Amino acid sequence: MRLIHGDLDDVVRNMAKIGARFDVIGVFGIYYHITTHYRLLADLRRLGPKLVIVDSEFLNTDAPVIELRREDPSRDMNALPVFEGQGKVAKGVPSRAAMEMMAETLGYELDWLDWSHLPPRQRPAKPPPTPTHPPVVGGSTGRQQGVGIWAADGL
């Protein structure tokens, strides 16, 4: 095993160009800090995985949307700036319906694992912080941390 450090999009595309293949790919702690969700998933598809695990924050809405939010790139664990001195960056939080649509159009089946049903000791140590202005869905706020598990056709 080796650690590869670099821009996520560039690394994934370069791995595909050299013919790299993976049985399982984990997307942990990054998916809600990007705005290129579909492109990333399409690029991961080119690596031939049988399973893709996406651990992220998702909106609870029936609409297939990705909500854009601002994030401070100077804070640890936030999205990186695009240029030096950038005070805010855009990030996108997809809805469950958006994930389902992306999975379906890329030829994957999607299953969900909801952390809230796990005993507290089995949950992640620190869930993502609640945004200052949580999304409003049908008059009520709706957020969910969870894991989308994609399996390739035939598994």
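Residues numbered from 1 in each chain as written. Predicted model: local features only at pLDDT ≥ 70, side-chain atom pairs only at ≥ 80, totals over all residues. Heavy atoms only, no water.

Caption draft 1: Summary view of the overall build of the chain. On a plain count of helices and strands, the chain comes out with three helices and eight strands. Split into buried and exposed, the 155 residues of the chain put 37% on the buried side. Long-range pairs, those at least 24 residues apart, make up 73% of the contacts in the chain between residues at least 6 apart in sequence. In the form shown here, the chain has an accessible surface area of approximately 9900 Å², with 54% of it arising from carbon and sulfur atoms. (Helix = DSSP H or I, 4+ residues; strand = E, 2+ residues; numbered from the N terminus. Buried < 20%, exposed > 50% of the residue type's maximum accessible area, 1.4 Å probe, protein only. Contact = heavy atoms within 4.5 Å. Areas by Shrake-Rupley, 256 points an atom, 1.4 Å probe, with all protein chains shown as cover.)

Caption draft 2: Region of the structure containing the packing of helix H1 (residues 8-17) against helix H2 (residues 37-45). At their nearest, the axes of H1 and H2 sit 9 Å apart, and the two run at 25° to each other. When the axes of H1 and H2 are compared, the pair comes out roughly parallel. The handedness of the crossing between H1 and H2 comes out as left-handed. Contact residues: Leu 8, Asp 9, Val 12 and Arg 13 in H1; Arg 39, Leu 40, Asp 43 and Leu 44 in H2. (Axes fitted to C-alpha atoms, helices over the stretch in contact; angles between N-to-C directions. Parallel < 35°, antiparallel > 145°, perpendicular 65-115°, else oblique. Left-handed = near helix turned anticlockwise from the far one by under 90°.)

Caption draft 3: Main features of unusual backbone geometry. Positive phi is not limited to glycine here, since Met 77 has a value of about 75°. Looking at the element boundaries, Met 77 is found in the loop between strand S3 (66-71) and strand S4 (89-94). By relative accessible area, which is 66% here, Met 77 ends up exposed.

Caption draft 4: Focus on the environment of Ala 16. Positionally, Ala 16 belongs in helix H1. Each C-alpha atom, one on Ala 16 and one on Arg 45, is 9.2 Å from the other, the two residues being 29 residues apart in sequence. Excluding residues that lie within four positions of it along the chain, Ala 16 makes contacts with Arg 46 and Leu 47.

Caption draft 5: Main features of the environment of Asn 60. Within the element layout of this structure, Asn 60 appears in the loop between strand S2 (51-59) and S3. Sequence separation between Asn 60 and Pro 94 is 34 residues; the distance between their C-alpha atoms is 9.2 Å.

Caption draft 6: Local environment of the environment of Asp 7. Its location among the elements puts Asp 7 in the segment before H1. In this structure Asp 7 comes out as partly exposed when scored by relative accessible area, which is 42%. Looking at Asp 7, its side chain comes within polar contact range of the main-chain nitrogen of Asp 9, at 3.1 Å. (Polar contact = N/O pair within 3.5 Å; in protein donor to acceptor, adjacent residues only side chain to side chain.)

Caption draft 7: Broad picture of the nonpolar core. By size, the foremost hydrophobic cluster in this structure holds 22 residues, and its most contacted members are Val 27, Tyr 31, Leu 41, Leu 44, Val 54 and Met 99. Contributing elements (two or more residues each) for this core: H1, strand S1 (24-28), H2, S2, helix H3 (96-105) and strand S5 (108-114). (Core = buried A, V, L, I, M, F, W, Y, C linked by side-chain atoms within 4.5 Å.)

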